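# Reading the structure
Residues per chain are reported as follows:
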Amino acid sequence: MSRAGREVRLASRPHGWPTPENFDLVKVSVPDPGPGQLLVRNVWMSVDPYMRGRMDDRRSYSPPYALGEVLDGGAIGEVVSSETDAFRPGDLVRHGKGWREYAVLDERAAQRVDQTVAPVSAYLGPLSGIGLTAYVGLLDVAALRPGEAVFVSAAAGAVGSLTGQIAKLKGAARVVGSAGSDEKVARLLDLGFDAAFNYRAQPVRRSLKEAAPEGIDVYFDNVGADHLEAAIACMRLNGRVAICGMISQYNATEPVPGPRNLSLAVSKRLTLRGFLLYDHLGRREQFVGEMSEWLRSGQIRYHETVVDGLENAPAAFLGLLRGENFGKMLVRL
Ligand SMILES: NC(=O)c1ccc[n+]([C@@H]2O[C@H](COP(=O)([O-])OP(=O)(O)OC[C@H]3O[C@@H](n4cnc5c(N)ncnc54)[C@H](OP(=O)(O)O)[C@@H]3O)[C@@H](O)[C@H]2O)c1
């Protein structure tokens, strides 16, 4: 017996900043699961910056969302009915069909959630690709060594807040974070960052120099633009930049100029390296082991900003791009 549910579709493609009009909330009839499938009722879904790129009709590492079609993304669902022995009603699974209330999944597209480590929503945050991104970006791409100084931008966000804490746990001598408000700065200091600054208060370069007067060895870049330029200016010899994202330009309508001081990469022997978490999935087991331990022992704390209701998912996504989140932005369905 099929049931009614709602889903969010891409109504139109944005030019520049997305608006609520780019999304449509639609009532649909949900099919029954076939052999080897399960029906889940989504209880949590993730909104993430990369989804902005998928709203454009442009080739990238993730395919564009199709106009008029339901969006997708990370979600946690509770099994309602199952046509496979692998799952039973009541099981919680992580999967990629967010932005809808009900989803029919192939068995292999569902990953059981082990709720003994942390509350279920953590499987869209520190125990998900978000945490893995922070972990491999810092330890593998930037190759952080104990005693070094680290700068993290968008430090109050999901990836950034974990990156700073992992850096401390791995022996960084000084960890500096930037964020978009004084309130976020205070919360970063509470999380254990040695210094933090509000990037809106004065030029990033000046703030970074004050926060890390002896320079930085590693920059974990979530922002690009003035943050990247400031980091290059403050880098010590043999410094490394892990380029994780450049959120400051996701809504740009014109090509954005690169850092004006890139030639310093020569004299300072800098390494700038972009990365995607998909190339580092081999590190997942090690990461989950360590992160689970850090969460159990309270050595890593994580925050969530929760918005309720599928109808508010577009607002949650737009809020994420504007910086309305501290930690992971999530929608509870
Ligand atoms: N390479 C990968 O595989 C990979 C995987 C996951 C995520 N990422 C990237 O990692 C970064 C963080 O992602 P996330 O999921 O953790 O999101 P997030 O940091 O939780 O949320 C985005 C944050 O970006 C900040 N921001 C927005 N516009 C900005 C601007 N113009 N200048 C400075 N900060 C700005 C906002 O905080 P403020 O209030 O501080 O402005 C906002 O809270 C993004 O660049 C994302 O694309 C990359």
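Residues numbered from 1 in each chain as written. Predicted model: local features only at pLDDT ≥ 70, side-chain atom pairs only at ≥ 80, totals over all residues. Heavy atoms only, no water.

Turning to the nonpolar core, a few remarks are in order. Burial of nonpolar side chains together is a common tendency in soluble globular proteins. Formed by 50 residues in total, the largest nonpolar core has its most connected members in Ile76, Leu127, Leu138, Val150, Ile166 and Met291. Counting residues per element, the ones that place at least two in this core are strand 3 (37–46), helix 2 (129–141), strand 8 (149–152), helix 3 (158–169), strand 9 (174–179), helix 4 (182–191), strand 11 (216–221) and helix 8 (284–297). A total of eight residues in this core trace back to one element, the largest contributor, which is helix 2. Mapped onto the domain boundaries, this core takes at least three residues apiece from domain 1 (3–125 + 302–332) and domain 2 (129–278). Those residues within four positions of leucine 138 in sequence are excluded, and the remaining contacts are Ala143, Leu144, Val150, Thr163, Ile166, Ala167, Val218 and Phe220. Counting residues in hydrophobic clusters, the runner-up holds 21 residues, among them Val176, Leu208, Ala212 and Tyr219. (Core = buried A, V, L, I, M, F, W, Y, C linked by side-chain atoms within 4.5 Å. Buried < 20%, exposed > 50% of the residue type's maximum accessible area, 1.4 Å probe, protein only. Helix = DSSP H or I, 4+ residues; strand = E, 2+ residues; numbered from the N terminus. Domains from an automatic or database assignment. Contact = heavy atoms within 4.5 Å.)

Put simply, side chains in a regular strand alternate between the two faces of the sheet. Alternating positions in strand 10 (residues 195–198) separate into two faces, Ala195 and Phe197 on one and Ala196 and Asn198 on the other, with burial throughout. Two elements, strand 9 and strand 10, share four bridges in a ladder whose sense is parallel. Across the sheet, serine 178 pairs through a bridge with phenylalanine 197, a residue of strand 10. With respect to chirality, the unit in which strand 9 leads through helix 4 into the neighbouring parallel strand 10 is right-handed. (Pairing = 2+ DSSP bridges. Right-handed = clockwise from strand over helix to strand, strands pointing away.)

Quick look at a nonpolar patch on the surface now. A surface patch of nonpolar side chains, amounting to about 310 Å² of accessible area, comprises Tyr61, Tyr278 and Leu281. Inspection of the secondary structure puts tyrosine 61 in the loop between helix 1 (50–54) and strand 4 (75–82). Here tyrosine 61 falls in the partly exposed class, since its relative accessible area comes to 46%. (Patch = residues over 30% accessible without salt bridge, like charges linked within 9 Å, V, L, I, M, F, W, Y side chains within 5 Å. Areas by Shrake-Rupley, 256 points an atom, 1.4 Å probe, with all protein chains shown as cover. Salt bridge = Lys/Arg side-chain N within 4 Å of Asp/Glu carboxyl O.)

A word on unusual backbone geometry. Positive phi outside glycine occurs at alanine 225, with the angle close to 50°. Checked against the element boundaries, alanine 225 lands in helix 6 (residues 225–234). Among the residues examined, alanine 225 registers a relative accessible area of 33% and is labelled partly exposed.

Another point: the environment of leucine 169. With respect to the element layout, leucine 169 can be found in helix 3. With relative accessibility at 30%, the residue leucine 169 sits in the partly exposed group. With 125 residues separating them in the primary sequence, leucine 169 and tryptophan 294 have C-alpha atoms 9.1 Å apart.

Below, the discussion takes up the site of the ligand. Every one of the 28 residues lining the ligand counts as a neighbour, but Val159, Lys184, Tyr199, Tyr250 and Asn325 are closest to it. Interatomic distance of 2.5 Å between a side-chain N/O atom of lysine 184 and an oxygen atom of the ligand. Taken by itself the ligand offers 910 Å² of open surface, and the protein chains cover 91% of this. Taken together, the residues of the shell around the ligand sort by class into 17 nonpolar, nine polar and two charged. Built from parts of two domains, the shell around the ligand gets at least three residues from each of domain 1 (3–125 + 302–332) and domain 2 (129–278). (Near = heavy atom within 4 Å. Polar contact = N/O pair within 3.5 Å; in protein donor to acceptor, adjacent residues only side chain to side chain. Nonpolar A, V, L, I, M, F, W, Y, C, P; charged D, E, K, R; others polar.)

We now examine the pairing of strand 12 (residues 235–243). Of the strand pairs in this sheet, strand 11 and strand 12 are connected by five bridges, and their pairing is parallel. Counterpart to isoleucine 216 in the pairing with strand 12 is methionine 235. Note on the crossover from strand 11 through helix 6 to strand 12: the handedness is right-handed. Relative to strand 13 (residues 271–274), strand 12 is paired through four bridges, and the arrangement is parallel. Its bridge partner lying in strand 13, alanine 242 is registered against arginine 273.

Inspection of the entire model under this criterion finds nine aromatic pairs. Between tyrosine 61 and tyrosine 278, the ring centres sit 6.1 Å apart and the planes meet at 45°, which makes this aromatic pair tilted. Remark: tyrosine 278 occurs in the loop between strand 13 and helix 8 and tyrosine 61 occurs in the loop between helix 1 and strand 4; sequence separation between them is 217 residues. Relative accessible area serves as the criterion here: at 44%, tyrosine 278 is assigned to the partly exposed category. An angle of 25° between the planes, with centres 5.9 Å apart, marks the rings of phenylalanine 151 and phenylalanine 197 as stacked. One end of the pair, phenylalanine 151, is in strand 8; the other, phenylalanine 197, is in strand 10, and 46 residues separate them in sequence. The residues phenylalanine 151 and phenylalanine 197 share a single accessibility class, namely buried. Among the aromatic residues, ring-to-ring pairing joins Phe23, Trp99 and Phe317 into one connected group. Just above the ring of phenylalanine 326 sits the side chain of arginine 187; from NZ or CZ to the centre is 4.0 Å. (Phe/Tyr/Trp six-rings, centres within 6.5 Å; stacked < 30°, edge-to-face > 60°. Lys NZ or Arg CZ within 6 Å of the ring centre and 35° of its normal.)

This part takes up helix 5 (residues 204–211). When helix 5 is considered as a whole, its buried residues turn out to be Val204, Ser207, Leu208 and Ala211. Looking down the long axis of helix 5, one finds its buried residues gathered within 95° of arc, a one-sided arrangement. Across helix 5 from its buried face, at more than 90 degrees, point the exposed residues Lys209 and Glu210. The inward-facing, buried residues of helix 5 contact strand 8, strand 9, strand 10, strand 11 and helix 6. (Arc of directions from axis to C-beta.)

Bringing the sheet that holds strand 8 into the picture now. The parallel open sheet is built from six strands, whose spatial order is 10-9-8-11-12-13. Either end of the sheet is taken by a strand with one partner, and the two such strands are strand 10 and strand 13. Neighbour to neighbour, the strand axes of the sheet diverge by 15° on average, direction disregarded. Its contacts with the sheet put helix 2 on strand 8, strand 11, strand 12 and strand 13, and the angle it makes with strand 11 is roughly 145°. (Axes fitted to C-alpha atoms, helices over the stretch in contact; angles between N-to-C directions.)

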